[in-house]
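# Remarks on the overall topology
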Amino acid sequence: MSTENTESNIVALFTRELTMALDKWREVLGGAGVVTDDSGVGKYQNCCSQSKRYIHGILLPENEAQIQALVKIAVEHKVPLYPVSTGRNWGFGGANPAVDNCVIVDLHKMNRILDFDTDLGIVTVEPGVTQSQLEQFLSKNDYPFMYSAIASSAHCSVMGNALDRGHGMMPHTDRFSSLMSLRAVLPDGDMYQPLLDDAGAPEISRAYKWGVGPYIDGLFSQGSFGIVTQASFALARRPEQVTLFYFRPHDDVSLTALTDKFREVKQRLGGIVNTIDLGNRMSAEQGKRDDDAVLSPADLWQQMDDINNWTAYGSIHASTEITKAAIKSMQRILKPVAHDFVFVTDELIEKVNKRPKLFNRTKMKRFVVDNIGLIAEMYDYMKGRPQMKALNYTYHHLNLPPKDDESLDQDITQSGLIWYWPIIPLRGKDVHLFLQMFKQISIKHGIYPTWNLCVESETWISAGIHIFFDPETEKPAVDAYHKELFEEGKRLGYLPHRAHIDTMGWYGDEDNSHFFDTIRKLKRGLDPHNIMAPGRYGPAGKA
């Protein structure tokens, strides 16, 4: 039999199995719970990075029992599934699967806040609970807790972002670290929960992240081993004071020396100083509308190494006494490399709005006066209130006014954004090496993203690079640019902590990888037919 005939027979067999699976899923979910029309499926293929996969349908379960049933049907007919919480994985592929020919399991209808421990600040949610929903729940009930908000969309899933290991700028900055326990449907339709739950101690299971025995919960983070149906998060207590700070490097200091001092701040003050972000003037100018830009992108890019173009900012969430001590300590550590500190509070914002001329005696203070509206928005965000500013930048090439979330969803085919977010050791020499590589490749391709550096840890720094583009004219060029950035960064040892659907196979040779070999062995035991999220942070082929 020819290869062509074999492939044709495989397609025909899969089509028959898919048809039978769809019929059975309709029995479980009802007709409205299974979407197969082009328009309905097309909404899930749309994403701001403009990377699309072939999707056979959408399943819309409303409870855990339905998920178990639809997974068992998928196993019976060998139809691969790809779960999404709300499908807003912006910049990394949206709701698209890692590979073609999957059926999406959209969990947005499972949007209940199941439990909240008012003493411990532990909330248990379903996958469809959004950042906005959680913040409204906490604010409405005047609970003294907060969650590390996201800046791209208030309607992103709390659980989805944490499971993909998203980071924030406020407590708790590492969102997965605050995920204490979970329940999940396995690839055969059976249930998983931690041993402490099985032992009759659910409160301890929610309070103590590591449980007892092997840490199996971790398999469901950036994994393909099941569908998480609920998760518990430890929230941070709202601080007595939120302080947003800005400062400038000295004119004669190197970025290498500045980075090494940031490391000392994090090592000595730890989580009291949540993050220190480094922004560059050229990146800020790139974020403006075209008719406001002072210099061309190419001219701005040549100024990357000029320390005068860098501004640092971050936040402290603590009591008044601790904040005062932290500020004093931070200024002492940074004195050799930085100056012109401004510390933003509600009181300062009010003063600047009332009498701006009294607050313009230094360059940084003038910056605060000139940008007080944006700074007030940032300060509000630091209180745990999700925003949508980052996602609106994806329409920059069209010079459109800011959009609300519904409009963003409807017009996503007009937007262009790919996230490239490598992790770099928190050493000045490594940051310098990375930025030189980044600068050279950007100039070579004539593509100039907006970007910033973010110190979230005592050991590493992340480079948040937002590759905005016009989908109609720039997609192939941006893909080539993204590929070279990834490959050259990989050669230097700097790799993203979250993978775009197009880059999941770029980390290494699947056939010569201890990691992928281990994933295959786990999949053979838990998912022998590779039904669950094939290709997601693992081999795309059969287990």
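Summary of the structure given here. Bear in mind the structure is a predicted one, so any value in this text is a computation, not a measurement.

Attention now moves to empty space enclosed by the protein. With the rule as written, the count across this model stands at five cavities of 30 Å³ or more. Its volume calculated, the largest cavity comes out at about 40 Å³. As for the largest cavity, its lining consists of Gln 131, Leu 134, Glu 135, Tyr 147, Ser 148, Ala 149, Gly 384 and Pro 386. Considered class by class, the residues forming the lining of the largest cavity number four nonpolar, three polar and one charged.

This next bit is on the pairing of strand E17 (residues 422–425). Alternating residues of E17 divide into Pro 422 and Ile 424, all buried, and Ile 423 and Pro 425, none buried. As defined by bridge partners, E17 adjoins strand E19 (residues 460–468) across three bridges and the pair is classed as antiparallel. Within E19, the residue paired with Ile 424 across the bridge is Ile 461.

The periodicity of an α-helix, 3.6 residues per turn, causes residues three or four positions apart to be oriented the same way. Within helix H4 (residues 131–140), the full set of buried residues consists of Gln 131, Ser 132, Leu 134, Glu 135 and Leu 138. Along the axis of H4, the buried residues cluster in a sector spanning 165°; they form a single face. Exposed and oriented more than 90 degrees from the buried face of H4 are Gln 136 and Lys 140. Among the structural elements, strand E5 (113–117), strand E6 (122–125), strand E7 (145–146) and helix H5 (158–163) are those in contact with the buried residues of H4.

The next point concerns the packing of aromatic side chains. In total, this model carries 21 aromatic pairs according to the counting rule given. Between the aromatic rings of Phe 341 and Phe 343, the centroid separation amounts to 6.0 Å while the plane-to-plane angle is 5°, which identifies the pairing as stacked. Take Phe 341 and Phe 343: they sit in the same class, and that class is buried. Three or more aromatic residues joined by ring pairs form one cluster here, namely Phe 245, Phe 247, Phe 262, Phe 341 and Phe 343. Note that Lys 209 overlies the ring of Phe 176, its terminal NZ or CZ placed 4.2 Å from the centroid. It is Lys 523 that lies over the ring of Phe 225; its NZ or CZ is 5.6 Å from the centre.

Attention now moves to the pattern of salt bridges. Two side chains bearing opposite charge may form a pair once their charged atoms approach each other closely. In this structure the tally under the stated criterion is 24 salt bridges. The closest approach of N and O atoms between Arg 26 and Asp 23, which form a salt bridge, is 3.3 Å. Of the two residues, Arg 26 and Asp 23 both sit in helix H1 (residues 3–29), three residues apart, roughly one turn of that helix. Residue Arg 26 is classed as partly exposed on the basis of its relative accessible area, which comes to 30%.

Of the residues making up helix H14 (residues 372–382), those classed as buried are Ile 372, Ile 375, Tyr 379, Tyr 381 and Met 382. Looking one or two residues past H14, Gly 384 carries a phi angle of roughly 95°, positive in sign.

On to the packing of helix H8 (residues 255–269) against helix H11 (residues 320–334), then. At a minimum axis separation of 9 Å, H8 and H11 run at an interaxial angle of 150°. Classed by the angle they form, the pair H8 and H11 counts as roughly antiparallel. In the crossing of H8 with H11, the sense of the turn from one axis to the other is right-handed. Touching Lys 261, Phe 262, Glu 264, Val 265, Arg 268 and Leu 269 of H8 are Ala 326, Ser 329, Met 330, Ile 333 and Leu 334, all from H11. Tallied by class, residues from the contact of H8 with H11 come to seven nonpolar, one polar and three charged.

By size, the foremost hydrophobic cluster in this structure holds 51 residues, and its most contacted members are Phe 434 and Leu 435. By residue number, the principal contributor to this core is helix H17 (residues 428–445), which donates six residues. With 25 residues, the next largest nonpolar core counts Phe 116, Val 123, Val 125 and Leu 179 among its residues.

Conventions adopted
- Positions within a chain are numbered from 1, following the residues in the order the chain's sequence is written.
- In keeping with the model being predicted, local features are shown solely for residues with a pLDDT of at least 70 and side-chain atom pairs are shown and tallied solely at 80 or more, while totals for entire chains, interfaces and linings include all residues.
- Note: side-chain values were computed over all heavy atoms of the structure, leaving out hydrogens and water.
- A cavity, in this analysis, means grid points on a 1 Å lattice covering only the protein atoms where a 1.4 Å probe fits yet has no way out; a pocket is instead an open set bounded by protein on both sides within 12 Å along at least five of seven lines, and a residue lines either one if it has an atom within 4 Å of a point.
- Grid points are joined across faces, edges and corners, and a volume is the space filled by probe spheres set on the points.
- Any residue outside Ala, Val, Leu, Ile, Met, Phe, Trp, Tyr, Cys, Pro, Asp, Glu, Lys and Arg is labelled polar, Gly included; the first ten of those are nonpolar and the last four are charged.
- The classification of residues rests on relative accessible area computed with a 1.4 Å probe and restricted to protein chains. Under 20% of the type maximum is buried, over 50% is exposed, and intermediate values are partly exposed.
- Numbering goes from the N terminus for both helices and strands, where a helix is a DSSP run of H or I of at least four residues and a strand is a run of E of at least two.
- Strand pairing follows a simple DSSP-based rule, namely that at least 2 bridges must link the two strands.
- Our arc is simply the arc of the directions from the helix axis toward the C-beta atoms.
- We call two residues contacting when some pair of their heavy atoms lies within 4.5 Å.
- In this analysis, rings of Phe, Tyr and Trp, with Trp reduced to its six-membered ring, are considered paired at centre separations within 6.5 Å, and the interplanar angle assigns stacked below 30 degrees, edge-to-face beyond 60, and tilted for intermediate values.
- Each ring is checked for a lysine NZ or an arginine CZ that lies within 6 Å of its centre and within 35 degrees of its normal; such an atom marks a charge sitting over the ring.
- What makes a salt bridge here is a side-chain nitrogen of Lys or Arg within 4 Å of a carboxyl oxygen of Asp or Glu, nothing more.
- To get an axis, a line is fitted to the C-alpha atoms, and for a helix only the part in contact is used. The angle between two axes follows their N-to-C directions and goes from 0 to 180 degrees.
- Each angle receives one of four descriptions, namely roughly parallel if under 35 degrees, roughly antiparallel if over 145, roughly perpendicular if within 65 to 115, and oblique otherwise.
- Should the near helix be turned counterclockwise from the far one by less than a right angle, the crossing is left-handed, whereas a clockwise turn marks it as right-handed.
- By nonpolar core is meant a set of buried Ala, Val, Leu, Ile, Met, Phe, Trp, Tyr and Cys residues that side-chain atoms within 4.5 Å join together.

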